[in-house]
Number of protein chains: 2
Amino acid sequence: MVSEKMFQLGSKSSVIRETFEYGKKRAAEIGAENVFDFSLGNPGVPAPAGVDDTIRRLLDTTPSIQLHGYTSAPGDATVRAAIAADLNRRFGTDYGAGDLYMTTGAAAALSITLRALCCEGDEFIVPAPFFPEYRVFTEAAGGRLVVTDAAPDLQPDTAALAAAIGPHTKAVILNSPNNPSGAVFTRKTLTTVAGILRDTEKRYGHPIYILSDEPYREIVYDGAEVAWLPSLYADTAVCYSYSKSLSLPGERIGYILVPPQAADARRLYAAVCGAGRALGYVCASSLFQRVAAANASLTSDLDFYRRNRALLYENLCRMGYDCVRPDGAFYLFVRALEPDAAAFCRRAREHELLLVPSDDFGLGGYVRIAYCVPTETIRRSLPAFEALIASYQ
Amino acid sequence: MVSEKMFQLGSKSSVIRETFEYGKKRAAEIGAENVFDFSLGNPGVPAPAGVDDTIRRLLDTTPSIQLHGYTSAPGDATVRAAIAADLNRRFGTDYGAGDLYMTTGAAAALSITLRALCCEGDEFIVPAPFFPEYRVFTEAAGGRLVVTDAAPDLQPDTAALAAAIGPHTKAVILNSPNNPSGAVFTRKTLTTVAGILRDTEKRYGHPIYILSDEPYREIVYDGAEVAWLPSLYADTAVCYSYSKSLSLPGERIGYILVPPQAADARRLYAAVCGAGRALGYVCASSLFQRVAAANASLTSDLDFYRRNRALLYENLCRMGYDCVRPDGAFYLFVRALEPDAAAFCRRAREHELLLVPSDDFGLGGYVRIAYCVPTETIRRSLPAFEALIASYQ
C-alpha cells in the first residue's frame, strides 16, 4: 500500500552504500586500520578554517531571527550577489543575483532542474560512466535517462552522443571532473559536444540544454583546465555544490545557475523556483548560504588529494594496474583484472580492499577507488593491492 | 519547453508572499514602523540561547570532517536516538532511532511522506482551513487533494470527513495546532476521526493513514492539550519541524516519525528513505541535526507569543471583530467584515494593515493575522484596526 517504486528505492541500497556498510562491519571485526575502505566520496580534509570562523562571526554579529530566519526561496539576495561576483571574477561573466537559485546541495540542484525542465516523454542523455543517482533523479522527475558510451580515454564518445539525440532530448548531463572516472572533459571534447547540440537544436527546432554538474570543479591536478561550459554553449544550466570544495557534504549547500544567455532563461528560472517549491525545498539553510557566500573563493586543502593521488596512481601503475589518469575529482578508475568487475571487487575484499565496481556507473570492467581517505590508509593498502594483482598472475 | 506546471508554480507567488513583498515595498515608501505586516509566519523571537551555544560547542569539540560530513541518509543514529528519547519521555512511547528519518524541515517531511505513500489514483483528504502548500506537495507526489469543510468552531467537520473517505483515500492530513486558524483539535474530535478511520479501514480493507503535521505542537496557550495522535490512532505518521519551536525556520530541520505500531511500518519507512533519495534529499544538515538533538526539549520564548495573542485577541474582540479563539500556533483567524475576504484585505491595506485572506486556505470569509511580529507592531496597529471596523459601520 506504499509506493512500490519508493519502497524499492529505499530498500535496495546502492552498491556504494552496501560496500561502505560492509566496511564498517568489517572494521568492527578486525580493526579499522586493517580495512581499506575506498568506497565513499566523503572529503578527507577539514573545511577551510574560514568556514568555522564565518559561523562564529555570524553567531556573534547577526541577530538570531535574521541569521536563522527564512530567506527568500531562491536564497538571500546578498548571498546570491556575492556568489555571482565570485563567478564573474573567475570566468569573466556578468551574472547577477537573479540568475542564481541556492539549493540544498547538488542532488537538490539536479532534482530541481530536471523537474523544472521535464515535460512528458522527455529524454535526458548522459555519457557513461556517470553518477548512478542521475537515473534516480531523472526518473523521479518523469524523464527517461539515455546512456551513451564512453570513448576509450573516458571522454564522452561524441559520435555516440550525436547518434543518441532525438526529438525528445531535453538535455545532456555532463559531469566534469567526472565521478567515477576522474576524467576532466577537454575543451576539444566540449566544443565538439556544443557544436553537435547547436546543430540538433536547429534540426529539432527547440533548445537542448546541457546540465553541467560541477561539484568537483575546483579539484583538478597538473593544471588541467575545467572549461566554463556556459561560455562554450549558451544553453547550459550549472548545478554546483560546496560539498567537495569546502568539505561540507553534510550541510547540503549549493546552487543552480541559469545564465541569462540560455534559451528561455527567465522561464527556466521560474520553473526552477516552481520545482523547488513542489519538491518541498523552502530555502537552502540560511546559515550555510551565508557561509558559502563568505567562502566562495576558498577551497579545502587540495594538496591532500594531490598527495593521495600521486601515491596511489604511481604505485598502482608500477604494480601493473591499468589506471585512467585522474585529472580531477578524487577518484581513481582502474580496469578490473577480470571481465566481471563485481567478481573482481569480491576478490579484492579478500584482501580487505573495498572497491566499487563500475557497472552501476553505466560501464563494465572497471573499479572506482575513492582516494579522499587518510594518506596512511593508502600507504597501508599498497601490499594488499600487490597481493591482489599477484593472485591473478 | 520547460515544464508548464513548474513554470506556473514558480511564477505565481502565493497571496502570502505577494502580501509580504507588498509590505516591503510599502515600508520603503512610508517607513517600516507605519506598515503593519501580519502576513508571514516567521518566528518573532530568537532561538533559545542553547541553540547558538550548541553550535559553538560543536565547532570547538567536533572534528570538521565529522561535524560537516555526510550522515546516513535517515540521519545520524545518535541524533535520532536522542530525539526518540525526548518523544518517549514526553509521550510515554517506546520509539527508537530506526523509527525516525531526519528531514530538511516540515515541507520536506510532508513531500517525502506523500511521495512514499502515493500510488496511482490515491487521494489525500485535508479538512479546511489548511496550509495551501499541502496541495502543491500532494499534486507533486502524484496524488489528489480532497478538501472537506470545517465545523463552525473550526474543528474538522467529522461527518464531512467520513463522507469524503472512499476506496482511493490513502491518508488524512491533520495540522493541529492549526495554520491558519490557531485552533487546536480536541481529543474528542481526534477520537471521532480515529474511529471513522478505523471503520473505513475495515470497510476498504487497507490502511488509511493520518499524516500529522505538527510544527506548532509546542506553541499552545491556557493549557490546551495537543493530543499525541499516534496514541489515538496507530496508523499515524508524524511530520515535525523545529522551525517554530526553536525559531530556526531558515535552517530547515525536522523529522518524519513512522511509529512501529503503524500498518506496514517497515515498508513505509523504507519508502520514506526511497522518496527522500528520489527527491534529492541526501541527508538533513549534519550540524543542525545535532543542534536539534541537543535542544529537542527546549522552546524559544513562548511568553512572547502569549503576550502578543492576548494584546491582539482582547483588543480585536473589544472592537467588535469576530475572532476564532486561538488555542495554539501564532495566528489569529478573524471573520472578514464583508463576504469577500480578498476585498476586505484590500480595504485593510488602506489602513496599512497587511492581512491574508482565507480563500487560499480552502475557506472563504476570514483573514489570517500572523501575530509573531514585534509586540510594538501590534500595539501601534490597534488604531488602524479601529479605523477599519469603523469604516464598515
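See the structure above.
The rules behind each value
Residues numbered from 1 in each chain as written. Chains lettered and ligands numbered in written order. Predicted model: local features only at pLDDT ≥ 70, side-chain atom pairs only at ≥ 80, totals over all residues. Heavy atoms only, no water. Least-squares fit on C-alpha atoms with pLDDT ≥ 70 in both. Contact = heavy atoms within 4.5 Å. Helix = DSSP H or I, 4+ residues; strand = E, 2+ residues; numbered from the N terminus. Expected span 1.5 Å × (residues − 1). Buried < 20%, exposed > 50% of the residue type's maximum accessible area, 1.4 Å probe, protein only. Pairing = 2+ DSSP bridges. Axes fitted to C-alpha atoms, helices over the stretch in contact; angles between N-to-C directions. Buried area = accessible area lost by both parts, 1.4 Å probe. Salt bridge = Lys/Arg side-chain N within 4 Å of Asp/Glu carboxyl O. Polar contact = N/O pair within 3.5 Å; in protein donor to acceptor, adjacent residues only side chain to side chain.

Asker: Sorry if this is basic, but what is going on with the relation of the copies chain B and chain A here?
Answerer: Put simply, the two copies of the chain differ by a rotation about an axis and a shift along that axis. Turning chain B through 180° and shifting it by 0.0 Å along the axis lays it on chain A, with an RMSD of 0.0 Å. Such values leave the two copies arranged in the relation of a two-fold axis. The residues that chain B uses at the interface reappear at the interface of chain A in 100% of cases, marking a shared surface.

Asker: How should I be thinking about helix 11 (residues 265–278) of chain A in this particular structure?
Answerer: Think of an α-helix as turning once every 3.6 residues; residues three or four places apart then point the same way. Residues and elements named next belong to chain A. For helix 11, spanning 14 residues, the distance from its first C-alpha to its last is 20 Å, which sits close to the expected 20 Å at 1.5 Å a residue. With respect to burial, helix 11 is a largely interior element, eleven of its 14 residues being buried. Every buried residue belonging to helix 11 is among Ala-265, Leu-268, Tyr-269, Ala-270, Ala-271, Val-272, Cys-273, Gly-274, Ala-275, Gly-276 and Ala-278, and all of these are buried. Looking at the residues trailing helix 11, positive phi occurs at Gly-280, about 90°.

Asker: Quick question: what am I supposed to make of the sheet that holds strand 6 (residues 209–213) of chain B here?
Answerer: Strands pair in a sheet through their backbones, by hydrogen bonds, and they do so in one of two ways: parallel or antiparallel. Residues and elements named next belong to chain B. Taken together, seven strands build an open sheet; the order of strands is 2-8-7-6-5-3-4 and the sheet is mixed. Only two strands of the sheet have a single partner each, and these edge strands are strand 2 (100–103) and strand 4 (144–148). With direction set aside, neighbouring strand axes in the sheet form an average angle of 20°. Here helix 11 (residues 265–278) sits on the sheet in contact with strand 2, strand 6 and strand 8 (254–257), set at roughly 20° to strand 2.

Asker: What am I meant to see in the interface of chain B and chain A here?
Answerer: A common way to report how large an interface is uses the accessible area buried once the components associate. If you look at the interface, chain B gives 75 residues, while chain A gives 76 residues. In this assembly, chain B packs against chain A so that about 6,100 Å² is buried in total across both faces, 57% of it on carbon and sulfur atoms. In terms of surface lost to chain A, no three residues of chain B exceed Met1(B), Tyr70(B) and Arg277(B), which account for 14% of the buried area on that side. Linking Glu4(B) and Arg267(A) is a salt bridge whose minimum nitrogen-to-oxygen distance equals 2.9 Å. Put simply, chain B and chain A have 37 residue pairs in polar contact (both at pLDDT 80 or more) between them. Counting only elements with at least two residues in the side of chain B that touches chain A, the list comes to helix 1 (4–11), helix 3 (49–61), helix 4 (64–67), helix 6 (105–117), helix 7 (133–140), helix 11 and helix 12 (286–294) of chain B. In terms of residue count, the dominant contributor to the side of chain B that touches chain A is helix 11 of chain B (nine residues).

Asker: Help me out: how do you make sense of unusual backbone geometry in this one?
Answerer: For residues other than glycine, phi is negative in most cases, and the peptide bonds are mostly trans. Omega for the bond connecting Ser176(A) with Pro177(A) falls within 30 degrees of zero, at -5°, which places this linkage in the cis form. Relative to the elements of secondary structure, Pro177(A) occurs in the loop between strand 5 (169–174) and helix 9 (187–204). Going from Asn179(A) to Pro180(A), the amide bond is cis rather than trans, its omega being 25°. By the element assignment, Pro180(A) lies in the loop between strand 5 and helix 9. With a phi close to 50°, Asp222(B) is a non-glycine residue in the positive phi region. Tracing the sequence through the fold places Asp222(B) in the loop between strand 6 and helix 10 (229–232).

Asker: I keep staring at the sheet that holds strand 12 (residues 366–370) of chain B and nothing clicks. Help me out?
Answerer: Residue and element names in this part refer to chain B. Here we have three strands laid out as an open sheet, ordered 9-12-11, and antiparallel in their pairing. In this open sheet, the two strands that pair with only one neighbour each are strand 9 (331–335) and strand 11 (356–357). Here strand 11 runs beside strand 12; their pairing, made up of two bridges, is antiparallel. Each residue of the ladder has a partner; that of Val-356, found in strand 12, is Arg-368.

Everything listed here is a matter of coordinates, which is why it stays silent on function.
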